[in-house]
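If you want the building blocks of each chain, they are given just below.
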Amino acid sequence: MTLRITKASEPITVERLNTVIYGPPGLGKSSLAFTADTPLLLDFDNGSHRAANRKDTVRVADWSDVAGITAEDLAPFKTVIVDTAGRALDTLTADIIRINPKHGRGGALTLQGYGELKARFTSFLKLLNSFGKDVVLIAHMDEQRNGDDIIERLDVQGGSKGEIYKAADAMGRLVIANGKRQLRFSPTDAAFGKNPGQLEPLDVPDMSAPEFDGFLAGVIDRIKARLNELTEDQREAVAEQQWFRDALPKVEDLAGINELLPRAIGAGTVCKTMLHKRATELGLAFDKARTEYAAAKEAA
């Protein structure tokens, strides 16, 4: 099978993100999450009632409450919030042991049970991703000591912690700095983070301030915009793709297709695919021996 290589000059558009927000209790992580774009919060922590600006919420008592989530359920929303990832895993753990008691011992998972937990939680994240929504995972912070140093980590059980790290496109810590809340995405020696948007530490507005509403939506949009910034080569590639979209419907014969073939090859995979589609519509096929198009019945 031929590799489908995306050239460095060809843009890769980022339309949705997995964002992890973590921090100590009481800093308003849920309230912050509700400032995402048109959110639905899956409340595994049973704490949504404490949020200052609660939006639509699913109170989750059992894994079955979310296991059958569908695209139709999420149609009115643009962001899905899992609050918290740790409690979601606890709920899933109970479901795993209920289905197969051999996967648990004394209320805790066996090694096989942890494997099942990792697989099912990863599948759940992939399901949410498949709906094309932004996903925000909220997590409590766990402090671990390394000598005199305090290391900040996600308070999440088992191997699924690693899956959350891998699934995260962006990861920010909600902290108090100089008496103000800040959202910091850059990693440090003592804390995890992912900062693809190269954002500076962001002061989080007071919850009563008008600019608090929509704050996280703006942050996520900034990250997407940074990831979708085009280099000069990429801008040229986009312009070339648009030229082919405009020109190809006007090509009506073999000569016209072969005349554009060298330009399409130089422009990359997207333009070659568009040219091939138009050639097929005209009853043509690529002749590998002659390295050009010919009538389908004549192509080798």
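Since this is a predicted model, take the numbers as computed values, not measurements.

1. What about the overall build of the chain?
Tallying secondary structure elements over the chain gives 10 helices and 13 strands in all. Computed over the C-alpha atoms, the radius of gyration of the chain is 25 Å, more than 25% above the 19 Å expected from 2.2 N^0.38 for a compact globule of 300 residues. For the chain, the spread of C-alpha atoms along the three principal axes comes to 70 × 50 × 45 Å. When contacts within the chain are restricted to residue pairs at least 6 apart in sequence, those whose partners lie at least 24 apart make up 59%.

2. A few points about the packing of aromatic side chains
Scanning the model with the defined rule gives 5 aromatic pairs in all. Where Trp-63 meets Phe-124, the ring centres are 5.0 Å apart and the plane angle is 65°; that geometry is what we call edge-to-face. Of this pair, Trp-63 sits in the loop between β3 (57–59) and α2 (64–67) while Phe-124 sits in helix α5 (residues 111–130), and the two are 61 residues apart along the sequence. Both residues of the pair, Trp-63 and Phe-124, count as buried. Relative to Phe-244, the ring of Trp-243 lies with its centre 5.1 Å away and its plane at 80°, an arrangement referred to as edge-to-face. Overall, the relative accessible area of 32% leaves Trp-243 in the partly exposed class. Feature note: the residues Phe-44, Trp-63 and Phe-124 constitute an aromatic cluster, connected by ring pairs.

3. Let's talk about unusual backbone geometry
The amide bond that connects Asp-83 to the next residue, Thr-84, takes the cis arrangement and shows omega of -5°. Residue placement: Thr-84 occurs in the loop between β4 (79–83) and α4 (85–99). Residue Gln-198 is not a glycine yet carries a positive backbone phi of 50°. As for its placement among the helices and strands, Gln-198 is situated in the loop between β10 (180–184) and β11 (202–203).

The rules we used
Residues numbered from 1 in each chain as written. Predicted model: local features only at pLDDT ≥ 70, side-chain atom pairs only at ≥ 80, totals over all residues. Heavy atoms only, no water. Helix = DSSP H or I, 4+ residues; strand = E, 2+ residues; numbered from the N terminus. Rg over C-alpha atoms; globule rule 2.2 N^0.38 Å. Contact = heavy atoms within 4.5 Å. Phe/Tyr/Trp six-rings, centres within 6.5 Å; stacked < 30°, edge-to-face > 60°. Buried < 20%, exposed > 50% of the residue type's maximum accessible area, 1.4 Å probe, protein only.

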